[in-house]
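Below, each chain spelled out in residue letters.
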Amino acid sequence: MQEKLTIARPYAHAAYGFAAEHGDVPAWSAMLNALAQAVVHPDLEPLIAHPRVTNEQLQEILGEILGSLLNEKRANFVSALLDAERLELAPEIAELFERQKAASEGVVDVRVESAFEMSDAERERLVKAMRERLGKDCEITTTVNADLIGGAVIRVRDSVIDISLRGRLSALEQRLA
């Protein structure tokens with residue numbers, strides 16, 4: 001996943017830079033999110049890597065799917081992804097675009113993976129702690145991963161704070177080895 005984000009980063013940065021410069025961030029955001037959903041759709045995903053499906057055919061299909069979300073510049077961006085064989089990175093590009101959008105709005109995206117569902121009180125404490133630590137508003141996204149056993153893994157930008165029981169056990173194992 002990290003490798004995909006690394007490859008997707010220049011595309012997301014270029015898209016955001018262009019969108020911000022032209023005051024078109026919401027439209028680009030909508031298009032990229034729709035494109036991200038389209039490329040992982042079970043009906044379209046096999047066509048993307050199929051050797052007999054041309055870029056022009058994919059561009060036409062995506063044009064029909066995205067419809068009014070495309071203008072000349074956004075269609076050119078999709079075409080550039082097709083030419084570079086990077087269309088499958090659309091979900092990562094959309095994610096990074098949204099992160100950059102949130103950062104420019106003064107909001108930090110915080111992803112929390114916890115062993116159990118977080119209560120509203122725990123979520124509020126986390127928001128308050130992250131707001132104090134980062135000095136910015138935070139958008140918290142939570143997921144449950146029982147493999148963590150206990151605790152949580154918090155991702156902020158490119159930083160990871162692992163306070164999970166699985167992480168602690170792994171660290172202990174490395175020290176003992």
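Cut-offs used in this document
- Residue numbers restart at each chain and count upward from 1, following the sequence in its written direction.
- Owing to the predicted nature of the model, reporting of local features is limited to residues with pLDDT of at least 70; listing and counting of side-chain atom pairs is limited to 80 or more, with chain, interface and lining totals taken over all residues.
- Values reported for side chains reflect all heavy atoms of the structure, with hydrogen atoms and water molecules removed beforehand.
- The rule for a salt bridge is simple: a side-chain nitrogen of Lys or Arg has to be within 4 Å of a carboxyl oxygen of Asp or Glu.
- Secondary structure elements follow DSSP: runs of H or I no shorter than four residues count as helices, runs of E no shorter than two count as strands, and numbering proceeds from the N terminus.
- For every residue, the accessible area obtained with a 1.4 Å probe (protein chains only) is divided by the maximum for its type, and the residue is called buried under 20%, exposed over 50%, and partly exposed between those limits.
- Pairing of aromatic rings covers Phe, Tyr and the six-membered ring of Trp, with a centre-to-centre limit of 6.5 Å; geometry is then stacked below 30 degrees between planes, edge-to-face above 60, and tilted otherwise.
- N or O atoms within 3.5 Å of each other form a polar contact, as long as, within protein, one can give a hydrogen and the other can take it, and as long as residues adjacent in sequence are counted only when both atoms are side-chain atoms.
- Contacts: residue pairs with any heavy atoms within 4.5 Å of one another.

J.: Whenever I open this one, the pattern of salt bridges confuses me. Can you help?
T.: Two side chains bearing opposite charge may form a pair once their charged atoms approach each other closely. Tallied over the full model, the rule gives seven salt bridges. Its salt-bridge partner being E95, residue R111 comes within 3.8 Å of it at the nearest N-O pair. With R111 in strand β1 (residues 107-114) and E95 in helix α6 (residues 90-104), this residue pair connects regions lying 16 residues apart in the sequence. The class of R111 is partly exposed, set by a relative accessible area of 30%. Residue classification places E95 among the buried residues on the basis of a relative accessible area of 17%.

J.: Looking at this model, I keep getting lost on the packing of aromatic side chains. Mind explaining?
T.: Remark: the centre distance and the inter-plane angle together describe each pair of aromatic rings, the angle taken between the planes. This structure, assessed with the given rule, holds three aromatic pairs. Ring centres 5.5 Å apart and planes at 75° place the aromatic pair W28 and F77 in the edge-to-face group. Here the residue W28 occupies a position in helix α2 (residues 25-39), and F77 occupies one in helix α5 (residues 72-83), the gap between them amounting to 49 residues. Each member of the pair W28 and F77 is classed as buried. Each member of the aromatic cluster is reached from another via a ring pair, and the members are F18, W28 and F77.

J.: Can you walk me through the side chain of N145 in this structure?
T.: Tracing the backbone through its elements, the reader meets N145 in the loop between β2 (137-144) and β3 (152-156). Accessibility expressed as a relative area gives 17% for N145, which makes it buried. At a separation of 2.9 Å, a polar atom in the side chain of N145 contacts the main-chain amide nitrogen of D147. If sequence neighbours within four positions are ignored, N145 has contacts with E113, S114, A115 and R166.

J.: Explain unusual backbone geometry here, please?
T.: Most of the time, phi is negative for any residue but glycine, and the peptide bond is trans. Although it is not a glycine, E85 adopts a positive phi angle of roughly 55°. Here E85 is to be found in the loop between α5 and α6. Notably, I149 is not glycine yet its phi reads approximately 70°, a positive angle. Residue placement: I149 occurs in the loop between β2 and β3. Residue class for I149 comes out partly exposed when judged on its relative accessible area of 45%.

All we've got here are geometric facts, nothing functional implied.
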